[in-house]
Amino acid sequence: MTVHLHWFLPTGGDGRTLVDRHAYTDGEVRRERITPVSGVRAPDIDYLAQIAKAAEQLGFEAVLTPTGTWCEDAWLTTAALTQVTDRLKFLVAFRPGVISPVLAAQMAATYQRISGGRLLLNVVTGGDSTEQRRFGDGLDHDRRYARTDEFLQVVRGVWGGAPFDFHGEHYQVEGGLTALPPDPLPEIFFGGSSAAAGPVAARNVDVYLTWGEPPEQVKQKIDWIAGLAAREGRTVRFGIRLHTISRDSAKEAWATANRLLDDLDPDTVAAAQQALGRSESVGQQRMLALHGGSRDKLEIAPNLWAGVGLVRGGAGTALVGSHAEVADRIEEYHALGIEHFVLSGYPHLEEAYWFGEGVRPELAVRGLLPDGAGTGTGPDPLSGVPAATGRPASAPGGAPLLVAGGR
């Protein structure tokens, strides 16, 4: 089993800080409640294209694109970016409750033809009733997962190429089909830490995603989902969602991590924690429990830093350290059964280069990457890059190769 590396598209905005980086607000953390900062990069198509092209050049296999009222639509944005990339896949996040499953299946089939088979799907059931109601969805937490279960059964059914009938609590479908099923079928990624989420993953998904918890907690999740899947006669692969801060030395990496917190005053953290604490998501509550809203002990496991989660919902931990140390942690998670690593960093353009030119060669030397990983065919695009520095001669002095404007 080799490692699949993926990056992230910040379709809500980007920047050099954890504060106010979004072009849109979310989670009731309003701009007047947080310390204003400069340097927010709007998620315009030109900037997102820079990130997508960088990810492709650096050998990432795919990029995750989020969903929600605080970001651009994932389907439309990534469909546009397929036209400026050649091999990069797009892990498109979407919410089952706000779209017909038959329409979603049709959209996926069209996307595969337009992109040449570069679609992956990330199913986001939703852990916040306030956010769901913005989309007209009034179901509670557990019923949303029950609906997701039916949704995925319908999607897979209509991809079969023949009329498909389904009669459930949430969906009634007669003769549903996609006239031309997607080829290949998109892999389905899914995350959820609640008791209601586990059976949905076991029955329907290809890859179960967890946020970046300490290894022993991740192992417990893997065992839980693998056991449920075995009862269904299925196997599920596993992935993890993490931020990353990798530098030529551990000292540099931790200094960068600490600088991300410089703009966070106590009121900003308190406002974010208050909003995030109202989430119904069990995964979100597990993220909050890792740091308890305190800066006192943010390294919760070797090289695993919970500082991002002080103000960011969802994935709240980062791998921090030298390139070799970050590779060590990836190797540790991989040994537990993690195959897919969905990574990000602030800003996303520069951090893609730090990881791609620093950590990726380390992983290649250890035999964790397949030949031509992320490039379709041919040799690794960064083969021969010295792991000690993590960057080719074209990037002297430790500077990223490509830096966005609009700082």
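Reading guide: rules and limits
Residues numbered from 1 in each chain as written. Predicted model: local features only at pLDDT ≥ 70, side-chain atom pairs only at ≥ 80, totals over all residues. Heavy atoms only, no water. pLDDT = per-residue confidence, 0-100. Contact = heavy atoms within 4.5 Å. Helix = DSSP H or I, 4+ residues; strand = E, 2+ residues; numbered from the N terminus. Buried < 20%, exposed > 50% of the residue type's maximum accessible area, 1.4 Å probe, protein only. Axes fitted to C-alpha atoms, helices over the stretch in contact; angles between N-to-C directions. Parallel < 35°, antiparallel > 145°, perpendicular 65-115°, else oblique. Nonpolar A, V, L, I, M, F, W, Y, C, P; charged D, E, K, R; others polar. Core = buried A, V, L, I, M, F, W, Y, C linked by side-chain atoms within 4.5 Å.

Novice: Mind showing me how you'd approach the confidence of the model for the chain here?
Specialist: Note that predicted coordinates carrying low pLDDT should not be read in detail. Mean pLDDT over the chain stands at 86; residues scoring 70 or higher make up 86%. Long-range and interchain partners of residues 374–379, a stretch whose pLDDT sits below 50, account for 11 contacts in this model, where long-range means more than four residues apart. When the criterion is pLDDT under 50, residues 383–407 qualifies, and its contacts beyond four places in sequence or with other chains add up to 46 contacts.

Novice: Explain the environment of Leu48 to me, please; I cannot follow it from the model alone.
Specialist: Locating Leu48 in the fold gives a position in helix H1 (residues 45–57). Judged by relative accessible area, Leu48 falls into the buried class, the value being 1%. On a C-alpha basis, the gap between Leu48 and Leu349 in space is 8.9 Å, while along the polypeptide they are 301 residues apart. For Leu48, the contacting residues outside a window of four places in its chain are Leu9, Pro10, Thr11, Pro43, Thr77 and Leu81.

Novice: Got a minute to help me understand the packing of helix H5 (residues 141–158) against helix H6 (residues 197–204) in this structure?
Specialist: Two packed helices can be described by the angle between their axes and the distance between those axes. Direction vectors running N to C along H5 and H6 enclose 10°, while the axes themselves pass 9 Å from each other. When the axis of H5 is compared with that of H6, the two are roughly parallel. Of the residues in H6, those touching H5 at Tyr145, Thr148, Asp149, Leu152, Gln153 and Arg156 are Ala197, Val200, Arg203 and Asn204. Here the residues of the contact of H5 with H6 are counted per class, giving four nonpolar, three polar and three charged.

Novice: Can you walk me through H6 in this structure?
Specialist: Each full turn of the α-helix corresponds to 3.6 residues, which orients residues three or four apart in the same direction. Most of H6 is tucked away, with six of its eight residues classed as buried. Along H6, the residues that are buried comprise Ala197, Gly198, Val200, Ala201, Ala202 and Asn204. The elements touched by buried residues of H6 are H5, strand S7 (188–191), strand S8 (207–211) and helix H7 (215–231).

Novice: What's the story with the nonpolar core in this structure? I'm lost.
Specialist: Grouped burial of nonpolar side chains is what soluble globular proteins tend to show. Judged by nonpolar contacts, the single largest core of 74 residues is most densely connected at Leu5, Phe190, Ile330, Tyr333, Phe341, Phe355 and Leu363. Sort the elements by how many residues they give to this core and H1 lands first, with seven residues. If sequence neighbours within four positions are ignored, Leu363 has contacts with Leu5, Ala327, Ile330, Phe355, Leu368 and Leu369. Listed in part, the 20 residues of the second largest apolar core include Ile245, Val269, Ala272 and Val308.

Novice: Is there a simple way to explain unusual backbone geometry in this structure?
Specialist: Comment: phi is negative for the bulk of residues other than glycine, and the bulk of peptide bonds are trans. Here Asp183 and Pro184 are connected by a cis peptide whose omega angle stands at 0°. Among the structural elements, Pro184 can be located in the loop between strand S6 (172–176) and S7. The phi dihedral of Asn303 is positive, around 65°, even though this residue is not glycine. Relative to the elements of secondary structure, Asn303 occurs in the loop between strand S10 (299–301) and strand S11 (304–305).

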